[in-house]
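A closer look at the structure
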Amino acid sequence: MEKQILIVEDETKLAQLMADYIKHAGFSPYILNEGTDAVSWVKTHQPQLILLDLMLPGVDGIEICKQIRTFTNTPLIMVTARIDEIDRLLGLELGADDYICKPFSPREVVARVKAVLRRTNEPSFAENELLHLDKHQLRATYFGEYVPLTTIEFQLLAILVDNPHRIFSRSQLMDKIYQDHRIVSERTIDSHIKKIRKKLATINDSQEVIHSVYGAGYKYED
């Protein structure tokens, strides 16, 4: 069965161009040109991925993303012509899986779609009995308790857990998470690590699993 991709984009020519390339890549695209019906459509049709424009008539992309994340973790790529850091981080913090800035080539969109689907459809894994990450549901448990991570926090933790003892620099982590990171500061990684540590410590503060390596970066060790 073809994977259905929802395109929410008010620029009709751009939406159709994206749909043509996505269809050629073997997916089944569906276009909505405004945000009003997007949430109800997602609930009814359960697409495999959503391409969501930030600036839409009716309901904007930020509000749509907020509503969608209340009931599903369907992979979502934000699309926008606004590239300032606040909008970029806000989109990802709300639960977007990636972020692409206009202007872009349709081939880049297809590549991003494939990359996000590969990442979110990888088998679930558990590093140990204490910390379990389920990539299908983007769900983390620590000492058996649910950890309320944002999508980007989950991705960051998954990279570290998937590679125990390996030291990642901030720039390496940033490259893996922010595929277009021209605006984002490397210190953003520090902020996300701090939040992850705080959430894990709320459940159990007796041990540290994410370690800072002075002058180098971060690593995961239980």
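Calculation rules
Residues numbered from 1 in each chain as written. Predicted model: local features only at pLDDT ≥ 70, side-chain atom pairs only at ≥ 80, totals over all residues. Heavy atoms only, no water. Helix = DSSP H or I, 4+ residues; strand = E, 2+ residues; numbered from the N terminus. Contact = heavy atoms within 4.5 Å. Pairing = 2+ DSSP bridges. Axes fitted to C-alpha atoms, helices over the stretch in contact; angles between N-to-C directions. Core = buried A, V, L, I, M, F, W, Y, C linked by side-chain atoms within 4.5 Å. Buried < 20%, exposed > 50% of the residue type's maximum accessible area, 1.4 Å probe, protein only. Phe/Tyr/Trp six-rings, centres within 6.5 Å; stacked < 30°, edge-to-face > 60°. Lys NZ or Arg CZ within 6 Å of the ring centre and 35° of its normal. Salt bridge = Lys/Arg side-chain N within 4 Å of Asp/Glu carboxyl O.

1. A word on the overall build of the chain
Secondary structure assignment for the chain yields 8 helices and 11 strands. The contacts in the chain between residues at least 6 apart in sequence include a share of 58% that link residues at least 24 apart.

2. Side note on the sheet that holds strand β4 (residues 76-80)
The strand order β2-β1-β3-β4-β5 describes an open sheet built from 5 strands, whose pairing is parallel. Bordering the open sheet on either side are β2 (28-32) and β5 (98-101), each of which pairs with just one other strand. The sheet shows a mean angle of 20° between the axes of neighbouring strands, taken without regard to direction. The sheet contact formed by strand β1 (residues 4-8) and strand β3 (residues 49-53) spans 4 bridges and is parallel. Bridge pairing in β3 places Ile-7 opposite Leu-51. Across the sheet, helix α1 (residues 12-24) is in contact with β1, β2 and β3; its angle to β2 comes to roughly 165°.

3. Here's the deal with the nonpolar core
Among the nonpolar cores identified, the biggest contains 29 residues, and Leu-131, Leu-133, Leu-157, Leu-173 and Ile-210 are the most heavily contacted of them. At the level of elements, β7 (131-134), β8 (139-142), α6 (151-162), α7 (170-177), α8 (187-203) and β11 (217-220) are the ones that each hand at least two residues to this core. Here the element with the most residues in this core is α6; it accounts for 8 residues. Apart from the residues lying within four places of it in its own chain, the contact partners of Leu-173 are Leu-156, Ile-159, Leu-160, Phe-168, Ile-189 and Tyr-218.

4. A short note on the packing of aromatic side chains
Counting across every chain of the model gives 2 aromatic pairs. Between Tyr-30 and Trp-41 the ring centres are 4.7 Å apart and the planes differ by 20°, which places this aromatic pair in the stacked class. Taken together, the residues Tyr-30 in strand β2 and Trp-41 in helix α2 (residues 38-45) connect sequence positions 11 residues apart. We classify Tyr-30 as partly exposed; its relative accessible area is 37%. Considering the side-chain rings of Tyr-142 and Phe-143, the 4.8 Å spacing of their centres and the 85° angle between planes classify their relative orientation as edge-to-face. Over the aromatic face of Phe-71 sits the side chain of Lys-43, whose NZ or CZ is 5.1 Å from the ring centroid.

5. Notes on the pattern of salt bridges
Here the idea is simple: oppositely charged side chains can pair when their charged atoms come close. For the structure on display, the rule yields 11 salt bridges. In this structure, Lys-102 engages Glu-11 in a salt bridge whose closest nitrogen and oxygen atoms are separated by 3.0 Å. Highlighted residues: Lys-102 in the loop between β5 and α5 (106-120) and Glu-11 in the loop between β1 and α1, separated in sequence by 91 residues. Residue Asp-97 pairs with Arg-69 through a salt bridge whose shortest N-O separation is 3.2 Å. In this pair, Asp-97 is assigned in the loop between α4 (85-93) and β5 and Arg-69 in the loop between α3 (61-68) and β4, connecting sequence segments 28 residues apart. Residues joined by salt bridges that share partners form a network here, namely Glu-9, Glu-11, Asp-53 and Lys-102.

6. Section: the pairing of β5
Side chains Asp-98 and Ile-100 project from β5 onto one buried face, and the interleaved Tyr-99 and Cys-101 project onto a second face that is buried too. As paired elements, β4 and β5 share 4 bridges and run parallel to each other. Across the sheet, Ile-77 pairs through a bridge with Asp-98, a residue of β5.

7. Description of the side chain of Asn-204
Secondary-structure assignment places Asn-204 in the loop between α8 and β10 (210-213). Ignoring anything within four residues of it in the chain, the contact list for Asn-204 reads Tyr-142 and Phe-143.

8. Comments concerning unusual backbone geometry
The amide bond that connects Lys-102 to the next residue, Pro-103, takes the cis arrangement and shows omega of -5°. Among the secondary structure elements, Pro-103 is positioned in the loop between β5 and α5. For Gln-46, which is not glycine, the phi dihedral falls at a positive 50°. Structurally, the position occupied by Gln-46 is in the loop between α2 and β3.

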